[in-house]
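A structural walkthrough
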Amino acid sequence: MSQLNLPSHLQDKIFEIRYEYDLVSKIVSYFPFSESEKQEIVSILDNDAFDGFCSIFRDSVIEDEWNRTKDQIKKKFQDELFDIDNT
């Protein structure tokens, strides 16, 4: 399976990339991608029909807010996932 190489400004916003038959089937981000970010990813995938975007949270955040809070959000989310495994 080949790893998808995305620019760091996109990779940073992704929680998980799911593959099916060595192709990207779903990209799960913390917050919804903007249309320009989606287009950038579609271009990198070289698949105009790709529509496997989903996000954990529904609200959108501006870039400045994401940059200020991303470490805290990622840590909190990861900690909650680990707690699920322990219950």
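Here we come to the overall build of the protein chain. Scanning the protein chain from terminus to terminus reveals three helices and three strands. Beginning at the N terminus, the succession of helices and strands in the protein chain can be written as α-β-β-α-β-α. Residue burial in the protein chain is summarised as follows: out of 87 residues, 30% are buried. Looking at the protein chain alone, contacts between residues at least 24 apart form 50% of all its contacts between residues at least 6 apart. Of the roughly 6400 Å² of accessible surface on the protein chain, a fraction of 47% belongs to carbon and sulfur atoms.

With that settled, consider unusual backbone geometry. Of note, Tyr21 is a non-glycine position whose phi angle comes to about 55°, a positive value. The phi torsion at Asp46 lies on the positive side, around 55°, for a residue other than glycine. On the accessibility criterion, Asp46 (70% relative accessible area) is exposed.

The set of residues buried in helix α2 (residues 35-45) consists of Glu37, Ile41, Val42 and Leu45. One side of α2 carries all its buried residues, which in axial view fall inside an arc of 135°. Of the residues in α2, the exposed ones pointing more than 90 degrees away from the buried face are Glu35, Ser36, Gln39 and Ser43. Just beyond α2, the residue with positive phi is Asp46, at close to 55°.

On to the sheet that holds strand β2 (residues 23-29), then. If you walk across this open sheet you meet the three strands as β1-β2-β3, and the pairing is mixed. Lying at the two open borders of the sheet, with one neighbouring strand each, are β1 (14-20) and β3 (53-55). Averaged over all adjacent pairs, the angle separating strand axes in this sheet is 25°, with direction ignored. As paired elements, β2 and β3 share three bridges and run parallel to each other. The partner of Ser29 across the bridge, within β3, is Ser55.

It is possible for side chains bearing opposite charge to pair when their charged atoms get close. Considering all chains together, one arrives at six salt bridges under this definition. Asp12 serves as the salt-bridge partner of Lys74, at 2.5 Å between the closest nitrogen and oxygen. Within this pair, whereas Lys74 is found in helix α3 (residues 63-86), its partner Asp12 is found in the loop between α1 (8-11) and β1, the two being separated by 62 residues in sequence. Just as Lys74 is buried, Asp12 falls in that class too. For the salt bridge of Glu16 with Arg18, the shortest nitrogen-to-oxygen distance reads 3.0 Å. Look at Arg18 and you get partly exposed, because its relative accessible area is 37%. Among the charged side chains, a network of salt bridges with common partners joins Asp12, Lys70 and Lys74.

The rules behind the values
Residues numbered from 1 in each chain as written. Predicted model: local features only at pLDDT ≥ 70, side-chain atom pairs only at ≥ 80, totals over all residues. Heavy atoms only, no water. Helix = DSSP H or I, 4+ residues; strand = E, 2+ residues; numbered from the N terminus. Buried < 20%, exposed > 50% of the residue type's maximum accessible area, 1.4 Å probe, protein only. Contact = heavy atoms within 4.5 Å. Areas by Shrake-Rupley, 256 points an atom, 1.4 Å probe, with all protein chains shown as cover. Arc of directions from axis to C-beta. Pairing = 2+ DSSP bridges. Axes fitted to C-alpha atoms, helices over the stretch in contact; angles between N-to-C directions. Salt bridge = Lys/Arg side-chain N within 4 Å of Asp/Glu carboxyl O.

These figures come from the coordinates and say nothing about function on their own.
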